[in-house]
Amino acid sequence: MPHESLSPQSTQRLQHVDAMRGLMLVMMAVDHIPSDLQIATNHIFGYVSAAAGFVFLSGLMAGRVYSRHRIREGAAACRRKIYARAFTLYKTHLLTFLLVFVGAIGCTLATGSPPDAAPPLMVDQPWAALVMAPTLLYQPGLLDVLPIYCLFLVGLPALLSALERGRHKLILALSFAGWLLTNLLQTQQPIVAGWINLGAFNFGAWQFIFVSGVVFGFAWAKGKTLLPPPHALVIALMLSLAAWLWVIRHGYAAVPWSHDTFIWLTNKNNIAPLRLLNAAIIAYFFAISLQRFPNFFRVPPLALLGRNSLQVFAAHVVVAHAILFLPAQTYATTSSRWISTGVMLGAMFLTALISETRRGWRAVETATPHVPLSANQDQLINGASAATSSPR
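Colleague: Let's hear about unusual backbone geometry: which residues, and what values?
Modeller: Residues other than glycine seldom take positive phi values, yet His-43 does so here, at roughly 55°. Within the secondary structure layout, His-43 lies in the loop between helix H1 (15-31) and helix H2 (50-73). Taking relative accessible area as the criterion, His-43 reaches 11% and is therefore assigned buried. Even without being a glycine, Ile-271 presents a positive backbone phi close to 40°. With respect to the helices and strands, Ile-271 occurs in the loop between helix H10 (259-266) and helix H11 (273-292).

Colleague: Give a description of a nonpolar patch on the surface that names residues and reports values.
Modeller: Among the surface-exposed residues, Phe-176, Leu-180, Leu-181, Leu-184 and Leu-185 lie close enough to one another that they form a single nonpolar patch of about 500 Å² accessible area. You can see Leu-180 is positioned in helix H7 (residues 168-185).

Colleague: Quick one: what's the story with H2, residue by residue and with numbers?
Modeller: Compared with an ideal rise of 1.5 Å per residue, which puts 24 residues at 34 Å, H2 spans 34 Å between its outermost C-alpha atoms and is within 8% of the ideal. Across the 24 residues of H2, 19 count as buried, placing the element largely inside the fold. Two residues or fewer past H2, Gly-74 is found with a positive phi of approximately 100°.

Colleague: Explain the pattern of salt bridges to me, and be specific about the residues and the numbers.
Modeller: All chains considered together, the criterion is met by five salt bridges. Between Glu-356 and Arg-307 there is a salt bridge, with its nearest N and O atoms 2.7 Å apart. Residue Glu-356 is located in helix H15 (residues 334-367), and its partner Arg-307 is located in helix H12 (residues 300-307); the two are separated by 49 residues in the primary sequence. Among the residues examined, Arg-307 registers a relative accessible area of 23% and is labelled partly exposed. Each of Arg-70, Glu-164 and Lys-222 takes part in one network of salt bridges that share partners.

Conventions and cut-offs
- Residues numbered from 1 in each chain as written.
- Predicted model: local features only at pLDDT ≥ 70, side-chain atom pairs only at ≥ 80, totals over all residues.
- Heavy atoms only, no water.
- Helix = DSSP H or I, 4+ residues; strand = E, 2+ residues; numbered from the N terminus.
- Buried < 20%, exposed > 50% of the residue type's maximum accessible area, 1.4 Å probe, protein only.
- Patch = residues over 30% accessible without salt bridge, like charges linked within 9 Å, V, L, I, M, F, W, Y side chains within 5 Å.
- Areas by Shrake-Rupley, 256 points an atom, 1.4 Å probe, with all protein chains shown as cover.
- Salt bridge = Lys/Arg side-chain N within 4 Å of Asp/Glu carboxyl O.
- Expected span 1.5 Å × (residues − 1).

As structure tokens, this is what we get:
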């Protein structure tokens, strides 16, 4: 990645990266509802989900942005900023959870029976769901991304500190070991027991995606390059592997393993070995493509979503549950599925526009300094006020 100084211009948002995050958001949103548009979004690169790309890009930007804050403001101020962001994510998660909860209970009361897509604990033991939500030990449905990202941010200051000491190889090795042990020793399914539901993203495995992003983002901020220059033979091998995984994923070739082995190699919960390999290949191709053709990825509408990713993600979770709670109205027919897809995308862009507008207002308020009046100015203004308010 090219060297960039810490000038004011270099600290501006990178539109091509924001656009890629926006693309991942669109793909996730479409994949989370019954949509005919999934033909263009669902695992189009093989065993690589939009969630994996989004987590890696989140780590990449966290490593780049917060390492720069650390340089400019010091480690303590950077740590406070990271924890404040984590708390913002936590509050957003709780609000999103509450809105989904209200929707599930409302549909249950209105129809006399809970929606099939409603999280069971919410409708069977609603008070238990409300008690468990703040603990982050109950993450049903699509409510399992923000909690894991909160945990990622909590560990980020220590990660940046270790990177400052030049220990990126050790960090990657330990993180990879965590991923490997998770795949070897833990269940391939989400951990669900009683009131506990840890969601579809096993922290022990998915941390490697985020940590890898942080390491590359940190190096990017420092003007260093961790990727070797592309070699024709390596690219050909990667293309062959990616094509092979794509044809297997989409059923154009026979699976060369037993059913149990195949499930272990490709399960999403633990970002299994073939998924990790496929994700690494696609990430590499995107990285070299961004270096060579950065303008190709500068898509302003997608960048708008990427700049407001937290608000957009939360909105999509609420809308997705609303659609899933009302199957007869929202996806029973082809036309209703397209309408629901339009509603989803419209809600995401509307949320992004509102968030962008509010950010602009806050920036104007922050940039407008309050200049205290001098004693003479204050006396003149008070004198004028007295003169205009006196009776004739």
